[in-house]
Amino acid sequence: MKLWVDGGLHDAEAARVSVLDHGLTVGDGVFETLKAVDGRPFALDLHLDRLTRSARGLGLPDPDLDEVRRACAAVLEANPMPLGRLRITYTGGLSPLGSDRGDAGPTLVVALGETRHRPDTTAVITVPWTRNERSALAGLKTTSYAENVVALARAHEQGASEALFANTIGQLCEGTGSNVFVVLDGQLHTPPLASGCLAGITRALTVEWTGAQETDLPLDVLQRADEIFLTSTLRDVQAVHRVDGRELPGAPGPVTAKAMRIFAERAAQM
């Protein structure tokens, strides 16, 4: 396996980032994850736009997108696989201990790992912790991911693949690495960006292609929704068959099945 680290390809065993990198010491970094099918990254332009927005939100310099593209192409060529998880990580770089950022410039790492197609349905749980919709990091895809690690571990302990958060005012927000959609009386809804959720690439395409409405929703909507599904770059559109102790028999339901079909058809044309 070969990775791109600051200007070139390296064997995974030899690839190194300083232990004083700000991305490690304080989580000062942003990232993107996208799927790559037979060496072709999906929606790369959209992901790079969001990488830039996230970097600006943290006050990092804009990433050199030409270099990022070269890095992605080099890593994909060096590691052929049918379905891969391509990760772009961009951090504050070598810095002094503490929150102050150094002046050595940012670090860029691009890595690829093999993955498998997700099942059509999954189980999710809700967690007692909240997303802060007023946080300085709200809506940014940063490497400060520890709360997601804790919540996802809780989900796995309960036989689920994802944990869903409310925000500080009790509205449905998002998952640890996914956006959430619900069907109410035949209509498709998803929380708005103002809820504090990430502006997911798959979320945006699903909204555009299905006409889903962005709606403020209480967390307990999950206990009465007719259908629920998740979206993310590796899940695409994935139906939920259980949320906490509630079973949703017949998942994927008709609205979800249609969304899955539309997404697969439209994504194949991109």
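Residues numbered from 1 in each chain as written. Predicted model: local features only at pLDDT ≥ 70, side-chain atom pairs only at ≥ 80, totals over all residues. Heavy atoms only, no water.

Colleague: What is the right way to look at the nonpolar core in this model?
Modeller: One broad rule of soluble globular proteins: the nonpolar side chains tend to lie buried together. Ranked by internal contacts, the top residues of the largest apolar core, which has 23 residues, are Trp-4, Cys-72, Leu-86, Ile-88, Tyr-90, Leu-108 and Val-110. When contributions to this core are tallied by element, the ones reaching two or more residues are strand 3 (29-37), helix 2 (44-58), helix 3 (65-78), strand 5 (83-91) and strand 6 (107-114). The residues contacting Leu-86, other than those within four sequence positions of it, are Glu-32, Thr-33, Leu-34, Pro-41, Cys-72, Val-75, Leu-76, Val-110, Ala-111 and Leu-112. (Core = buried A, V, L, I, M, F, W, Y, C linked by side-chain atoms within 4.5 Å. Buried < 20%, exposed > 50% of the residue type's maximum accessible area, 1.4 Å probe, protein only. Helix = DSSP H or I, 4+ residues; strand = E, 2+ residues; numbered from the N terminus. Contact = heavy atoms within 4.5 Å.)

Colleague: Explain unusual backbone geometry to me, please; I cannot follow it from the model alone.
Modeller: Negative phi characterises most residues that are not glycine, and trans characterises most peptide bonds. A cis amide bond links Ala-251 with the next residue in sequence, Pro-252, at an omega value of 0 degrees. Mapped onto the secondary structure, Pro-252 falls in the loop between strand 15 (246-247) and helix 6 (254-268). Its identity as a non-glycine residue notwithstanding, Asp-38 has a phi of 50 degrees, on the positive side. Judged by its relative accessible area of 61%, Asp-38 falls in the exposed class. The backbone of Asp-244 sits at a positive phi, close to 50 degrees, despite the residue not being glycine. Take Asp-244: it is sitting in the loop between strand 14 (236-243) and strand 15. By relative accessible area, which is 24% here, Asp-244 ends up partly exposed.

Colleague: Is there a simple way to explain the pattern of salt bridges in this structure?
Modeller: Two side chains of opposite charge can pair, provided their charged atoms sit close to one another. Taken as a whole and assessed by the stated rule, the structure comprises 11 salt bridges. The salt bridge involving Asp-28 is made with Arg-101; its shortest N-O contact spans 2.7 Å. Here Arg-101 lies in the loop between strand 5 and strand 6 and Asp-28 lies in the loop between helix 1 (22-25) and strand 3, a separation of 73 residues in the sequence. Take Asp-28: its relative accessible area is 8%, and that puts it in the buried class. (Salt bridge = Lys/Arg side-chain N within 4 Å of Asp/Glu carboxyl O.)

Colleague: Teacher, can you tell me more about the pairing of strand 8 (residues 162-167) here?
Modeller: Along a regular strand, successive side chains alternate from one face of the sheet to the other. Where burial is concerned, most of strand 8 is hidden: 6 out of the 6 residues are buried. Residues Glu-162, Leu-164 and Ala-166 point to one face of strand 8 and Ala-163, Phe-165 and Asn-167 to the other, with burial holding for every one of them. Pairing between strand 7 (residues 121-131) and strand 8: 5 bridges, direction parallel. Across the sheet, residue Thr-130 finds its bridge partner in strand 8, namely Ala-166. Where the polypeptide runs from strand 7 across helix 4 (residues 146-157) and back to strand 8, its parallel neighbour, the crossover connection is right-handed. As paired strands, strand 8 and strand 9 (residues 172-175) are joined by 3 bridges and run antiparallel to one another. When the sheet's bridge partners are listed, Ala-166 is paired in strand 9 with Leu-172. The turn joining strand 8 and strand 9, which pair antiparallel and follow one another in sequence, is formed by 4 residues; a positive phi near 80 degrees is taken by Gly-170. (Pairing = 2+ DSSP bridges. Right-handed = clockwise from strand over helix to strand, strands pointing away.)

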